[in-house]
Amino acid sequence: QVQLVESGGGLVQAGGSLRLSCAASGRTFSSYTMGWFRQAAGKEREFVAVISWNGGSTYYADSVKGRFTISRDNAKNTVYLQMNSLKPEDTAVYYCRLRPGTLVVITTTPYDYWGQGTPVTVSS
């Protein structure tokens, strides 16, 4: 099995920054993409950002483009999400997603592995 452990969430004022981390352990894959999704209270889980296996390609939701940056360190099996200029509407539980293979997908799939989530609250 794969274990994904997120960290870095918390409470921040609007305009502030947070950096989320997600470390993968357990079962290994020859390649995998990693991404971040979020789920606000009463809403469906939505795509935030995804990064390809070699880190050469990144994709973002329009709502976070220009403010969030996804990166990864394959030596540490870790993906990061740098969140700047945070807004109250960014408040949600943020989930790390690992998907085996090289195909970059911005929707959820049956092949995904998920972390337990880390809450982010942005106050106005």
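This one's a predicted model, so the numbers in the text were calculated from it and none came from an experiment.

## What to know about the overall build of the protein
For the protein, the count of helices and strands is zero helices and eleven strands. What you see for the protein is a C-alpha radius of gyration of 14 Å, in line with the 14 Å of a compact globule of 124 residues. Expressed as lengths along the three principal axes of its C-alpha atoms, the size of the protein is roughly 45 × 25 × 25 Å. The contacts in the protein between residues at least 6 apart in sequence include a share of 57% that link residues at least 24 apart. Looking at the protein as shown, the accessible area adds up to about 6400 Å², and 49% of this sits on carbon and sulfur atoms. Treating the 12 positive side-chain charges of the protein as one cloud and the 8 negative ones as another, the clouds have centres 5 Å apart.

## Focus on the state of the cysteines
Overall, the coordinates contain one disulfide when judged by the stated rule. Covalent S-S linkage joins Cys22 and Cys96, the inter-sulfur distance amounting to 2.1 Å. Taking the sign of the S-S torsion, -80° for the link of Cys22 and Cys96, the bridge is left-handed. Taken together, the positions of Cys22 in strand β3 (residues 18–26) and Cys96 in strand β9 (residues 92–100) put the pair 74 residues apart, joining distant regions of the chain. Across the pair, exposure class does not vary: Cys22 and Cys96 are buried alike.

## Some details on the sheet that holds β3
Through backbone hydrogen bonds, the strands of a sheet pair up, either in parallel or in antiparallel fashion. Taken in spatial order, the four strands line up as β1-β3-β8-β7 in an open sheet, and their pairing is antiparallel. The open sheet has two edge strands, β1 (2–7) and β7 (68–73), and neither has a second partner. Within this sheet the neighbouring strands show an average axis-to-axis angle of 15°, counted without direction. Where β3 and strand β8 (residues 78–83) come together, six bridges link them in antiparallel fashion. The partner of Leu18 across the bridge, within β8, is Met83.

Procedures and definitions
- Residues numbered from 1 in each chain as written.
- Predicted model: local features only at pLDDT ≥ 70, side-chain atom pairs only at ≥ 80, totals over all residues.
- Heavy atoms only, no water.
- Helix = DSSP H or I, 4+ residues; strand = E, 2+ residues; numbered from the N terminus.
- Rg over C-alpha atoms; globule rule 2.2 N^0.38 Å.
- Contact = heavy atoms within 4.5 Å.
- Areas by Shrake-Rupley, 256 points an atom, 1.4 Å probe, with all protein chains shown as cover.
- Lys, Arg positive; Asp, Glu negative; His and termini not counted.
- Charge placed at Lys NZ, Arg CZ, Asp CG, Glu CD.
- Disulfide = S-S within 2.5 Å.
- Buried < 20%, exposed > 50% of the residue type's maximum accessible area, 1.4 Å probe, protein only.
- Pairing = 2+ DSSP bridges.
- Axes fitted to C-alpha atoms, helices over the stretch in contact; angles between N-to-C directions.

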